[in-house]
Protein chains: 2
Amino acid sequence: MAETDQRAAQSAPSAAYQKLERIFARRHHLGQAQRLLGWDQQVLMPEGASEARSETLAELAVLSHEMLTAQETSEQLDAAERAGVEAEQDNAAGEIAMDAPDTVWRAANLREMRRLHAHASAAPAALVAALSKAEAKGDMAWRSARAEDDFPALIPALTEIVALQREAAAAKGEALGLAPYDALLDQYEPGARAARIDALFAELAAFLPDFTEDVLARQAARPTAPPLPGPFPIERQRQLAERLMAALGFDGARGRLDVSLHPFCGGADDDIRITTRYAEADFTSALMGVLHETGHALYEQGLPAAWRAQPVGRSRGMALHESQSLFVEMQICRSRAFLSFAAPQFREAFGAAPEDPAWSVDAFAARAHRVERGLIRVDADEVTYPAHVILRYRLERALIAGDLAVADLPGAWAEQMEALVGVRPPEDRTGCLQDIHWPSGAFGYFPTYTLGALAAAQLREAAEAALPTLWDDVASGDFAALLGWLRGAVHGVASLGGDSDAILRQATGAPLGVDAFRRHLEQRYGPDAAAGSP
Amino acid sequence: MAETDQRAAQSAPSAAYQKLERIFARRHHLGQAQRLLGWDQQVLMPEGASEARSETLAELAVLSHEMLTAQETSEQLDAAERAGVEAEQDNAAGEIAMDAPDTVWRAANLREMRRLHAHASAAPAALVAALSKAEAKGDMAWRSARAEDDFPALIPALTEIVALQREAAAAKGEALGLAPYDALLDQYEPGARAARIDALFAELAAFLPDFTEDVLARQAARPTAPPLPGPFPIERQRQLAERLMAALGFDGARGRLDVSLHPFCGGADDDIRITTRYAEADFTSALMGVLHETGHALYEQGLPAAWRAQPVGRSRGMALHESQSLFVEMQICRSRAFLSFAAPQFREAFGAAPEDPAWSVDAFAARAHRVERGLIRVDADEVTYPAHVILRYRLERALIAGDLAVADLPGAWAEQMEALVGVRPPEDRTGCLQDIHWPSGAFGYFPTYTLGALAAAQLREAAEAALPTLWDDVASGDFAALLGWLRGAVHGVASLGGDSDAILRQATGAPLGVDAFRRHLEQRYGPDAAAGSP
């Protein structure tokens, strides 16, 4: 056998690996159906269909779970790992690049298949079924409890969910060799560990309270920007949003913008769908929401076409996903450079005069950088947002550890809220009843919001270093080079890196840290923040 | 064992039957996803997603096919039939009624499961795959061939499809004990046989040419109705359509009205979706289209909730489905009674004066009953429509029999068109290139349009007999009793009857015939058609 033949044979995928690709491709297409049906549920579905739709989605989820945990999948995973061709290539070059050889992609794909299989197999089927039932009940109980500001009404359902999640965390931790809470984290952000988050959040908690205090004092000493006079016709808001999405690089032939109660980014391959909720009285809130979702959408549209039906071709994790939305919204679109590009378009869209001070770049920047101690996470600015997340992180860790009873949540929430944000909720509706996450079973998810904010700042600094004309480009509305950089650094490498840190290390030279985020806040909100700073 | 216990044991479903219900329910939910994704593809999907969406739909179709033909499904079908509890109950009472005992529903369900399994298993997997590939190619080739009026460009793809369909017809016929073309018919309309259709169509062909001639002569002797002055704003057209849909009984909490290039009725359980295409110059064409689709939608919304996830709970066949759309559009909504109810609403929607002769009930009736020898099937009136169908039926039988070569289609089409409709297409675009059916592999489908028209007339006569105030109710916009009758006679019995004839016999006292349709045409278009007739 000639040497080249030997090498070709060595790099050919094993039969077992090829079977796995078929299994996972099929599962991918089921997932596409689930995603599109979920989008439709939020955006279009008539109310009378909610039960029928839930049944269909549940059936697809069970089918997908069965495919993943099937005996055949297990056997082929074992066989493919024994064949070893893929495993040998894993991290051989240590390189995470779109143009890595297929052998490297395949090795990473096998690793991701194993990861998904391990997570899905870790909890017993009866527990998975019990959780799914309890979470559907919890979701419903939360909706009415929040509407009526009646936390006690939620206690039974949430207590059951916490008990089942603790059980799942223990089972998953046992199977995956992780601490229970880490096993939950790992579902949303592969590789995330509480010890690491503790350290990052401790750094944040150490400087944010005083920093916020100072920002608010400086802000109080300045005149407030004049308010924008509405109403702003919704059709014009939509057109403006689509124009800016397109400018940022959103491919309108492979996606849509629609309306839903809660904005999100969903859809399927070549069909990435953003939603927003317009208000006639203010256009900036919906618009910033659209630009945030555009960051998510650019990630999805930039996943490698050749691998997107395989686990390795999907987005890396929720923290990195959030880094992309916050990169676009916070790092780019709330910058003065972007606002100087956008302000003339705002004026044109709504027929405002250039000399109107409410429509100046300064006024837009002042409003976009306004900081406030508020009760509601989703309305929080980027300075106070981490405190909202740290609060939830602490409480959910205590719930999962068994150190906090559900009934004690309102008191603990109010206390932490006062300590971390500096305000106390007058009612549970604006306190511990505000988020759907826990009642729908999402424990270990909250930290990813702030990990994403840290990653966004770190990636922006790397982009600045790589692209010397970045801010001039942004100010002139040219995002092509920036999008190209994000494609190479994040979008196009999908899950080729084993975790977000691997991708960040390659893209920024360091694992996730707090420094870049801190520098970002100081530049934008600190005492030396010049009117001309980004 | 007490006698009641014995009876209970006898009527309990077998374990095999229960397993089958699980398999078919799962397949049902997959089908729900396919239907919703197909709707989305026609209505919302961005153009760039067409390849990805086709892949997902193909994967779901293969998965669904595999579930149906799986070894386990076969075995459980055999076991359930051996257990015999269900089979014994089949037609025991001969009664087809919504409130039939569960044992009767289950027996019919098992019969339908076997039917689906037999159809799906009849053609070898390789042939199914080859067909699906050829049909996707044929669909694309047809689009460009039609756009460029280039039939020769379609010949290779269509020749391959015909060859594969002949093979499939032979294989299915062999497996099902049917003649090849009958096996194709049976896919769309269970129980339909060419010998029966030959007889029905011969009756139609015997009276329609002279009848049409007479109608056109009478029509030419009358003054034409004044045209309606547009434009008609699309938003008002939509509101009007939704109002009339609701009046007819369409439940807006369990369905939607949207826009697509080709109008259709799709969607899922409790979520039935109609589409239309508006034109500003004329509102009646889109509106009549909506009312036609409303007939389909009422059928779907009226399927029995307890059985709709099972084969027996689905609509009976394409002929009966078309009977519902034609019942609503042709029998009801084009009646003078309905137009006298609707005309004031038309005037109100578009701000017309009651004394304007173009907006009178007479003018609407004259336009709604206008007959014309045309080239295009989908634009044809109810008098000339059957000729369009008979033409296609004859040609597709010849294609499947091997008596007509694809290359000879344009000539045969033009010749038959002249003989049956009395016009000759000047080009293939308005001739044999007008329909997507054959290039997408649908042979045996065309006859169902006219079978549906016959059934609609027959059902309307039965409804008149059952509901003495029918036309007064229609004229006053009260459709509740009529909908109730359709629910009991057709919608609510789903596929409990083995074929459409069984349902028609129960509802009208006779199997499908031509007489009621002929009487309908004579009443509306004949020499004695009074101005006051329905």
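Each chain carries its own residue numbering, running from 1 in the written order of its sequence. For this description, chains carry letters from A and ligands carry numbers from 1, given in the order in which they are written. A pLDDT threshold of at least 70 governs which residues receive local features in this predicted model, and a stricter bar of 80 or more applies before side-chain atom pairs are shown or counted, although totals over entire chains, interfaces and linings include all residues. Hydrogens are left out, water is left out, and the side-chain values use all remaining heavy atoms of the structure.

Here we take up the overall build of chain A. The way it works is that DSSP assigns letters per residue, a run of H or I at least four long becomes a helix, a run of E at least two long becomes a strand, and they are numbered from the N terminus. Secondary structure assignment for chain A yields 22 helices and 3 strands. Taken over the C-alpha trace, chain A has a radius of gyration of 24 Å; the compact-globule value for 534 residues is 24 Å, and the two agree within 12%. Principal-axis analysis of the C-alpha atoms places the extent of chain A at approximately 75 × 60 × 45 Å. Working definition: with a 1.4 Å probe on protein chains only, accessible area under 20% of the residue-type maximum means buried, over 50% means exposed, and in between means partly exposed. Within chain A, the fraction of its 534 residues that count as buried is 56%. Within chain A, contacts between residues at least 6 apart in sequence are counted, and of these 75% link residues at least 24 apart. When charges are counted, Lys and Arg contribute as positive and Asp and Glu as negative, whereas His and the chain ends are disregarded. Just so you know, the charge point we use is NZ for Lys, CZ for Arg, CG for Asp and CD for Glu. Taking the average location of the 50 positive side-chain charges in chain A and that of its 75 negative ones, the two points are 1 Å from each other. Two things to know: the radius of gyration comes from C-alpha atoms, and the globule rule equals 2.2 Å times the number of residues to the power 0.38. Whether two residues are in contact is decided by their heavy atoms: any pair within 4.5 Å suffices.

Turning our attention to the state of the cysteines. In this description, a disulfide is simply a cysteine sulfur pair whose atoms lie within 2.5 Å. Throughout the structure, instances matching the rule amount to 0 disulfides over all chains. Left without a disulfide partner, A:C333 is nearest to the cysteine sulfur of A:C265, which lies 15 Å away.

On to the environment of B:A401, then. All names here are of chain B. Along the chain, A401 turns up in helix α16 (residues 385–401). Overall, A401 belongs to the partly exposed group, its relative accessible area being 47%. Taking the C-alpha atoms as reference, A401 lies 7.8 Å from Y181; in sequence the two are 220 residues apart.

Our focus in this paragraph is the pairing of strand β2 (residues 265–268) of chain A. Residues and elements named next belong to chain A. Here, strands pair whenever DSSP counts at least two bridges between them. Relative to strand β3 (residues 271–276), β2 is paired through 4 bridges, and the arrangement is antiparallel. Among the inter-strand pairings, G267 is bridged to a residue of β3, identified as I272. Counting the residues between successive antiparallel strands, the hairpin from β2 to β3 contains 2 residues, one of them, D270, with a positive phi of roughly 55°.

If you look at the interface, chain A gives 36 residues, while chain B gives 36 residues. Buried area, as used here, totals the accessible surface that two parts lose on assembly, with accessibility defined by a 1.4 Å probe and the loss added over both. Roughly 2700 Å² is buried in total at the junction of chain A and chain B, and carbon and sulfur atoms are behind 56% of that figure. Three residues stand out in chain A for area buried against chain B, namely A:R26, A:H29 and A:E59, and they jointly supply 22% of the buried area on that side. Salt bridge, as used here, is a side-chain nitrogen of Lys or Arg placed within 4 Å of a carboxyl oxygen of Asp or Glu. Inspection of the chain A/chain B interface yields 10 salt bridges. In the analysis that follows, any N or O atom pair within 3.5 Å is treated as a polar contact, provided that within protein one partner can donate a hydrogen and the other can accept it, and provided that, for residues neighboring in sequence, both atoms belong to side chains. Where chain A touches chain B, the interface holds 16 residue pairs in polar contact (both at pLDDT 80 or more). Elements with a contribution of two residues or more to the side of chain A that touches chain B: α2 (15–43), α3 (50–69), β1 (255–259) and β3 of chain A. Each residue gets one of three labels, nonpolar for Ala, Val, Leu, Ile, Met, Phe, Trp, Tyr, Cys and Pro, charged for Asp, Glu, Lys and Arg, and polar for the others, Gly among them. Among the residues making up the side of chain A that touches chain B, the classes are represented as 15 nonpolar, 6 polar and 15 charged.

This part covers the relation of the copies chain A and chain B. One copy of the chain maps onto the second through a rotation around an axis plus a translation along that axis. Alignment of copies: least-squares fit on C-alpha atoms of residues with pLDDT of at least 70 in both copies. Rotating chain A by 180° and translating it 0.0 Å along the rotation axis places it on chain B, where the RMSD comes to 0.0 Å. What the superposition gives is, in effect, a two-fold axis relating one chain to the other. Proximity to the rotation axis, assessed at the C-alpha, singles out A:A33 in chain A; its C-alpha lies 3.2 Å from the axis. Taken as a fraction of all interface residues of chain A, those also at the interface in chain B reach 100%, which identifies the copy contact as same-surface.

Close inspection of predicted coordinates is inappropriate in any region flagged by low pLDDT. Residues and elements named next belong to chain A. Per-residue confidence from the predictor is given as pLDDT, running between 0 and 100. Summarising the model, chain A shows a mean pLDDT of 94, and 95% of its residues fall at 70 or more. For residues 1–9, every residue scores under 50 in pLDDT, and the model assigns this stretch 1 contact once sequence neighbours within four places are set aside. What the predictor reports for the complex is a pTM of 0.94 with an ipTM of 0.93.

Here A:G230 and A:P231 are connected by a cis peptide whose omega angle stands at -10°. Tracing the backbone through its elements, the reader meets A:P231 in the loop between α10 (194–221) and α11 (234–248). Despite not being glycine, B:D149 has its phi angle at roughly 50°, a positive value. Tracing the backbone through its elements, the reader meets B:D149 in the loop between α7 (125–147) and α8 (151–176). Given the relative accessible area of 25%, B:D149 is considered partly exposed. In this structure, B:D270 takes a positive phi of about 55° despite not being glycine. Of note, B:D270 is situated in the loop between β2 (265–268) and β3 (271–276).

Attention now moves to the side chain of A:T430. Residue and element names in this part refer to chain A. Secondary-structure assignment places T430 in the loop between α17 (409–420) and α18 (447–466). Polar side-chain contacts of T430 include one of 3.3 Å to the backbone oxygen of E427. With sequence-adjacent residues up to four places away left out, T430 is seen in contact with L375, I376 and P425.

Before going further, it helps to examine the packing of helix α11 (residues 234–248) of chain B against helix α12 (residues 284–301) of chain B. All names here are of chain B. Think of each axis as a best-fit line through the C-alpha atoms, taken over the contacting stretch in the case of a helix, with angles from 0 to 180 degrees between the N-to-C directions. Relative orientation of the contacting elements α11 and α12 amounts to 35°, with a least axis distance of 10 Å. Considering the relative orientation of α11 and α12, their crossing is right-handed. Along its contact with α11, which presents Q237, L240, A241, L244, M245 and L248, the element α12 presents A286, L287, V290, L291, T294 and L298. The residue inventory of the contact of α11 with α12, partitioned by class, reads 10 nonpolar, 2 polar and no charged. By definition, any crossing whose near helix is turned counterclockwise from its far helix by less than a right angle is left-handed, and any crossing with a clockwise turn is right-handed.

The subject of this paragraph is the sheet that holds β2(B). Residues and elements named next belong to chain B. Sheet architecture is open: 3 strands sit in the order β1-β3-β2, paired in mixed fashion. The sheet terminates laterally at β1 (255–259) and β2, the two strands that pair on one side only. Neighbour to neighbour, the strand axes of the sheet diverge by 25° on average, direction disregarded. Bridging between β1 and β3 involves 5 bridges; their strand directions are parallel. What sits directly across from D258, in β3, is T275.

A few words now on the nonpolar core. Note that soluble globular proteins tend to have their nonpolar side chains buried in a common cluster. What makes a nonpolar core is a set of buried Ala, Val, Leu, Ile, Met, Phe, Trp, Tyr and Cys residues whose side-chain atoms join them at distances within 4.5 Å. In this structure, A:F283, A:F338, A:F346 and A:W359 are the most contacted members of the largest nonpolar core, which totals 157 residues. The residues touching A:F283, leaving out its near neighbours within four places in the chain, are A:L228, A:F232, A:Q237, A:L240, A:F346, A:F350, A:W359 and A:F364. B:L184, B:I197, B:V371 and B:A398 belong to the second-largest nonpolar core, a separate cluster that totals 155 residues.

This next bit is on helix α3 (residues 50–69) of chain B. Given a helix with a known number of residues, its expected span is that number minus one, times 1.5 Å. Between the first and last C-alpha of α3(B) there are 28 Å, a value that for 20 residues agrees with the 28 Å anticipated at 1.5 Å per step. Burial in α3(B) covers these residues: B:A52, B:R53, B:T56, B:L57, B:E59, B:L60, B:L63, B:S64, B:M67 and B:L68. Against α2, α3 and β3 of chain A together with α2 (15–43), α4 (71–83) and α6 (102–122) of chain B lie the buried residues of α3(B).

Here we take up the sheet that holds β1(A). Residue and element names in this part refer to chain A. Strand order in the open sheet made by the 3 strands is β1-β3-β2, with mixed pairing throughout. Every other strand in the sheet has two partners, leaving β1 and β2 as the edge strands with one partner each. Across this sheet, the average inter-strand angle for adjacent strands is 25°, counted without regard to direction. Contacts from helix α12 (residues 284–301) reach β1, β2 and β3 within the one sheet, and its direction differs from that of β3 by about 165°.

Residue and element names in this part refer to chain A. Between its terminal C-alpha atoms helix α14 (residues 336–350) stretches 20 Å, which fits the 21 Å expected from 15 residues at 1.5 Å a residue. Here the bend at each residue means the angle between axes fitted to two seven-residue stretches, the one ending at that residue and the one beginning there. The largest bend in α14 comes to about 35°, at A342, with the proline P344 one to four residues further on. Of all 15 residues in α14, 12 are buried; the element is thus mostly enclosed. Among the residues of α14, those classed as buried are R336, A337, F338, L339, F341, A342, A343, Q345, F346, R347, A349 and F350.

A separate point is the pairing of β3(B). Along β3(B), 6 of the 6 residues are buried, which leaves the element largely enclosed by surrounding structure. Burial along β3(B) is two-sided: the face carrying B:D271, B:R273 and B:T275 and the face carrying B:I272, B:I274 and B:T276 are both buried.

Take the environment of A:A175 next. Position of A:A175 among the secondary structure elements: in helix α8 (residues 151–176). As a C-alpha pair, A:A175 and A:A123 span 52 residues in sequence and 8.3 Å in three-dimensional space.

Put simply, two rings from Phe, Tyr or Trp (the six-membered ring, in Trp's case) pair if the centres are within 6.5 Å, and we call them stacked under 30 degrees between planes, edge-to-face over 60, tilted for the rest. Scanning all chains against the criterion turns up 48 aromatic pairs over all chains. Ring geometry for B:W413 against B:W438: centres 6.1 Å apart, planes inclined by 85°, an arrangement best described as edge-to-face. Residue B:W413 is found in helix α17 (residues 409–420), and its partner B:W438 is found in the loop between α17 and α18 (447–466); the two are separated by 25 residues along the sequence. Counting every residue linked through ring pairs, the aromatic cluster contains A:Y188, A:Y385, A:W413, A:W438, A:F443, A:Y445, A:F446 and A:Y449. When the NZ atom of lysine or the CZ atom of arginine is within 6 Å of a ring's centre and also within 35 degrees of its normal, the charge is said to sit over that ring. Across the ring face of A:F364, the terminal group of A:R367 is positioned such that the distance to the ring centre comes to 4.7 Å. Across from the ring centre of B:F446, 5.5 Å away, lies the NZ or CZ of B:R392, which sits over that ring.

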